[in-house]
Amino acid sequence: MKLDRKEILSALETITIAGEGKNMVESGAVKNVLIFGNEVTVDLLIATPAMHIKKRAEDDIKKLIHEKFSPDAVVKVNIKVETPTQNPNEIKGKAIPGISNIIAVASGKGGVGKSTVTANLAVTLAKMGFKVGVLDADIYGPSMPIMFDVENEKPISVEVDGKSKMKPVESYEIKILSIGFFTAPSQAVIWRGPMASKALNQMIFDADWGQLDFMLIDLPPGTGDIHLSIMQSLPITGAVVVSTPQAVALADAKKGVSMFLSDSINVPVLGIIENMAYFTPEELPNNKYYIFGKEGAKNLAEDLQVPFLGEVPLVQSIREAGDYGRPAALQTASVIERVFEEITRNVVQETVNRNQSLPPTEAIKITTMAGCSAVKK
């Protein structure tokens, strides 16, 4: 029997490579079929490197040709494995309808003011006209209920599309959810990683967040379970890393940046914020004292080639405002308000830059003109 290339191609449409829904011709796995007398050479390109998948595809092709065309045919199958390359702009995780941009605020080390910066970024974004939510992902040390003066509040249950969901607590026009709303102030959360991750997923997906331009996620210090759970659960638009200028804090901040940029996580870093950058006494407004070192985080940003978003001075009122539940950026016409306005504009600008480089199928874009006008101030 004379072997015919078209007939063999048509026959190959009956074979499916394990793990793929389409047949090997329709999926594009069959790259070429060559015939020389009674010899048939089939070139395959598959995306799975597993040996048993390759062996099964080879055996299926040989069996098909021998049974349907000629038992004497000499069949050779050349298999090349080409795993799909990850898009550098890939967004992981399950999107939450209505939330445009999800910003993770992180630090390698605890005590550098990450939660304080998150709270002040949130209120500044809200003042710019954005719809903002804050997810307090620091399961073991939640700070947001204190910083927004809602320690005694409890999320209520609302019905959305026939399902019962949590309604986030609102303060200063910001929607907030924290494990602190579900535990007593003196109660320690003694959970292993999986329990903490499950609680986070409930606050993310079982909540009625509504329409948000920005969700800020206040991550715990370090690079552990919670961080991985967040990256796997949500399409993170980008990360902001907070550090003091001190060498020990910078060492951990560098690890935090490295975590986000690693191949396994691949989340873009929008920039680094330097907190407690310097101290200026009220009676000496022109003096700057670099208590924790000078421009350490700024130099780190240059070394790592990520944007430097700005510096926050060491000011007593920032601490007092956080303790009293009214973020310092709400202090009209103050130095702190101007500092956080500049930093927040930089965050918005980097988010805009980030979104402009995303594939067109990803619908995460600035949805109000207020932020864009704020960038141009």
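Our subject is the structure that appears above.
What counts and how
Numbers given to residues run from 1 along each chain, matching the order in which its sequence is written. Since the coordinates come from a predicted model, pLDDT governs what is reported: local features require at least 70, and pairs of side-chain atoms require 80 or more to be given and counted, while whole-chain, interface and lining totals use all residues. Heavy atoms from the whole structure form the basis of all side-chain values; hydrogens and water molecules are not counted. Where helices and strands are cited, they refer to DSSP runs of H or I of at least four residues and of E of at least two residues respectively, numbered from the N terminus. Throughout this description, buried means an accessible area under 20% of the type-specific maximum (1.4 Å probe, protein chains only), exposed means over 50%, and partly exposed covers the range between. The contact definition used throughout considers only heavy atoms, calling two residues in contact when any of these lie within 4.5 Å. Values of accessible area rely on a 1.4 Å probe in the Shrake-Rupley scheme; residue burial ignores everything except the protein chains shown. Definition used for salt bridges: Asp or Glu carboxyl oxygen within 4 Å of a side-chain nitrogen of Lys or Arg. Directions drawn from the helix axis to the C-beta atoms are what define this arc. Pairing of N or O atoms within 3.5 Å defines a polar contact, subject to two protein rules: one partner must be a possible hydrogen donor and the other a possible acceptor, and residues neighboring in sequence count only if both atoms are side-chain atoms. Whether two strands pair depends on DSSP finding at least two bridges between them. Simply put, an axis is a line fit to the C-alpha atoms, just over the touching stretch for a helix, and the angle between two N-to-C directions goes from 0 to 180 degrees. Here is the rule for angles: anything less than 35 degrees is roughly parallel, anything more than 145 is roughly antiparallel, 65 through 115 is roughly perpendicular, and the remaining ranges are oblique. Each residue gets one of three labels, nonpolar for Ala, Val, Leu, Ile, Met, Phe, Trp, Tyr, Cys and Pro, charged for Asp, Glu, Lys and Arg, and polar for the others, Gly among them.

Novice: Please clarify how the overall build of the chain should be interpreted in this entry.
Specialist: Check the secondary structure of the chain and you find 11 helices and 13 strands. The buried share of the chain, taken over its 377 residues, is 48%. Residue pairs at least 24 apart in sequence account for 74% of intrachain contacts in the chain once pairs closer than 6 positions are excluded. Total accessible area on the chain is roughly 18900 Å²; 50% of this is exposed by carbon and sulfur atoms.

Novice: It is not clear to me how the pattern of salt bridges should be interpreted in this structure. Could you clarify?
Specialist: For side chains bearing opposite charge, pairing can occur when the charged atoms are close. In total, this model carries 6 salt bridges according to the counting rule given. Residues D59 and K55 are paired through a salt bridge, measuring 3.6 Å at the closest nitrogen-oxygen approach. With D59 and K55 both in helix 2 (residues 51-68) and 4 residues apart, the pair spans about one turn of that helix. In this structure K55 comes out as partly exposed when scored by relative accessible area, which is 48%.

Novice: Would you take a moment to explain the environment of I102 for this structure?
Specialist: For I102, the location among the structural elements is in strand 4 (residues 99-106). According to the relative accessible area criterion, I102 is buried, its value standing at 2%. When the C-alpha atoms of I102 and F214 are compared, they prove to be 5.8 Å apart, with 112 residues separating the residues in sequence.

Novice: Please explain helix 1 (residues 5-12) as it appears in this structure.
Specialist: Because each turn of an α-helix spans 3.6 residues, side chains separated by three or four positions in sequence point in the same direction. Buried residues of helix 1: I8, A11 and L12, and no others. Taken end-on, helix 1 shows its buried residues confined to a sector of 100°, consistent with a single buried face. Regarding helix 1, its N-cap is D4, as a side-chain oxygen of that residue lies 3.0 Å from the backbone nitrogen of K6 further along.

Novice: How should the sheet that holds strand 5 (residues 132-136) be read in this particular structure?
Specialist: In a beta sheet, neighbouring strands pair by backbone hydrogen bonds and run either parallel or antiparallel. A sheet is described by the order of its strands in space; here 8 strands give the open sequence 8-9-5-10-4-11-12-13, paired in mixed fashion. Among the strands making up the open sheet, the edge pair consists of strand 8 (169-171) and strand 13 (308-312). Looking at each pair of strands side by side, their axes are set apart by 25° on average, direction ignored. Pairing analysis gives 6 bridges linking strand 4 to strand 10 (residues 212-218), with the strands arranged parallel. Note on strand 10: the bridge partner recorded for I103 is L216. Along the sheet face, helix 7 (residues 247-261) touches strand 4, strand 11 (238-243) and strand 12 (269-275) and points at about 175° away from the line of strand 11.

Novice: Help me understand the side chain of D218 in this model?
Specialist: Along the chain, D218 falls in strand 10. Engagement of the side chain of D218 in a polar contact is seen with the side chain of K114, the distance being 3.0 Å. For D218, the residues in contact, after removing those within four places along its chain, are V105, K114, S115, T118, L135, D136, A137, D138 and M144.

Novice: I'm lost on the packing of helix 3 (residues 114-127) against helix 10 (residues 335-356) in this one. Help?
Specialist: When two helices pack together, their arrangement is captured by the angle between the axes and the distance separating the axes. For the pair helix 3 and helix 10, the least separation of the axes is 9 Å and the interaxial angle reads 80°. Of the possible angle classes, the one that applies to helix 3 and helix 10 is roughly perpendicular. Note on element contacts: helix 10 touches helix 3 through E337, F340, E341, I343, T344, V347 and V348, opposite V117, N120, L121, T124, L125 and K127. Tallied by class, the residues present in the contact of helix 3 with helix 10 amount to 7 nonpolar, 3 polar and 3 charged.

Novice: It is not clear to me how unusual backbone geometry should be interpreted in this structure. Could you clarify?
Specialist: Phi is mostly negative for residues that are not glycine, and the peptide bonds are mostly trans. In this structure, D149 takes a positive phi of about 55° despite not being glycine. Note that D149 resides in the loop between helix 4 (144-147) and strand 6 (156-160). Located in the positive-phi region is E295, a residue other than glycine, with phi close to 55°. Mapped onto the secondary structure, E295 falls in the loop between strand 12 and helix 8 (296-304).

Novice: Sorry, what's going on with the pairing of strand 9 (residues 174-178) here?
Specialist: For a regular strand, side-chain orientation follows a simple rule: the groups alternate between the two sheet faces. Of all 5 residues making up strand 9, 5 are buried, and the element is well covered by its neighbours. Both faces of strand 9 are covered, namely the face carrying I174, I176 and S178 and the face carrying K175 and L177. As paired elements, strand 5 and strand 9 share 5 bridges and run parallel to each other. Bridging from a neighbouring strand, V134 pairs with I176 of strand 9. Here strand 8 pairs with strand 9 via 3 bridges, running antiparallel. Its bridge partner lying in strand 9, V169 is registered against I176.

These values are about where atoms sit, not about what they do.
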